[in-house]
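In case you want the letters, here they are:
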Amino acid sequence: MTDLTIRDAAQGDEAAWRVLWAGYLAFYHLDLPPEVTAATWARLMDPASPLKARLALRNGRLLGFAIHQPHPSSWVAGDDCYLEDLYVDAPSRGTGVGRALLDDLVALARARGWHRLYWHTEEDNARARALYDLYAKSDGHIRYRMTL
C-alpha cells in the first residue's frame, strides 16, 4: 500500500471528512444533529482538544479515518488511547486501509508513550472484528453506556 498516505486531519479536509462521517453514521444507522457533527469537527481541529483524527488518502482521495483520544489512565502510570471511531469507505474495504489506519495508530501510540490502545465495535460487525482479532482478542468486557 505504498500509494496510501496517512496523516493528521487538517482544516482543508472538512468537506471530504463530512462525506465519510455521513457514511459512518449511516453504517451504524445513526442520525446526529448537524451541530454535533460541527462540534466534532471543531474538536478535531482544536489544538487544545485531545480528540484527533488520522486520515487515509490515496491519490488525494479520502478513504478512511481513525478518530482517537489519549487520556490519563488509572491502570497504568501514563496515558492510554481510545480509538473512538474507525471507518473506511465501502469501496476501499478489504484493501488494507483499515489495517493501515490501525498500524499507524499503534505506531503513533508507541512513539508517544501511550501504554494501551483500545476500542469497541458492534458485536455483529464480523468484518471489523476479523481485522481487530489480528491485533488483540476481546478481553471479555461488556460496554455499558448511559445517556444523560
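All of these numbers come straight from a predicted model, not from anything done at the bench.

We now examine the side chain of Asp104. Here Asp104 lies in helix H3 (residues 97–112). Overall, the relative accessible area of 16% leaves Asp104 in the buried class. Within the structure, the side chain of Asp104 is placed 2.7 Å from the side chain of Arg54, a separation counted as a polar contact.

Attention now goes to the pattern of salt bridges. This structure, assessed with the given rule, holds seven salt bridges. One salt bridge connects Asp3 with Arg58, and the closest N-O pair in it is separated by 3.0 Å. Of the two residues, Asp3 is situated in the segment before strand S1 (4–8) and Arg58 in strand S2 (residues 52–58); the sequence distance between them amounts to 55 residues. A salt bridge links Asp8 to Arg54, with the shortest nitrogen-to-oxygen separation between them at 2.8 Å. Placement of the pair is Asp8 in strand S1 and Arg54 in strand S2, with a sequence separation of 46 residues.

Put simply, helix H1 (residues 14–27) and helix H2 (residues 34–45) touch, their axes get as near as 12 Å, and they point 125 degrees apart. The orientation of H1 relative to H2 falls into the category oblique. Considering how the two elements wind past one another, H1 and H2 form a crossing that is right-handed. For the pair H1 and H2, the contacting residues are Glu14, Trp17, Arg18, Trp21 and Leu25 in the first and Thr37, Ala38, Thr40, Trp41 and Leu44 in the second. Per-class residue counts for the contact of H1 with H2 are six nonpolar, two polar and two charged.

Conventions used here
Residues numbered from 1 in each chain as written. Predicted model: local features only at pLDDT ≥ 70, side-chain atom pairs only at ≥ 80, totals over all residues. Heavy atoms only, no water. Helix = DSSP H or I, 4+ residues; strand = E, 2+ residues; numbered from the N terminus. Buried < 20%, exposed > 50% of the residue type's maximum accessible area, 1.4 Å probe, protein only. Polar contact = N/O pair within 3.5 Å; in protein donor to acceptor, adjacent residues only side chain to side chain. Salt bridge = Lys/Arg side-chain N within 4 Å of Asp/Glu carboxyl O. Axes fitted to C-alpha atoms, helices over the stretch in contact; angles between N-to-C directions. Parallel < 35°, antiparallel > 145°, perpendicular 65-115°, else oblique. Left-handed = near helix turned anticlockwise from the far one by under 90°. Contact = heavy atoms within 4.5 Å. Nonpolar A, V, L, I, M, F, W, Y, C, P; charged D, E, K, R; others polar.

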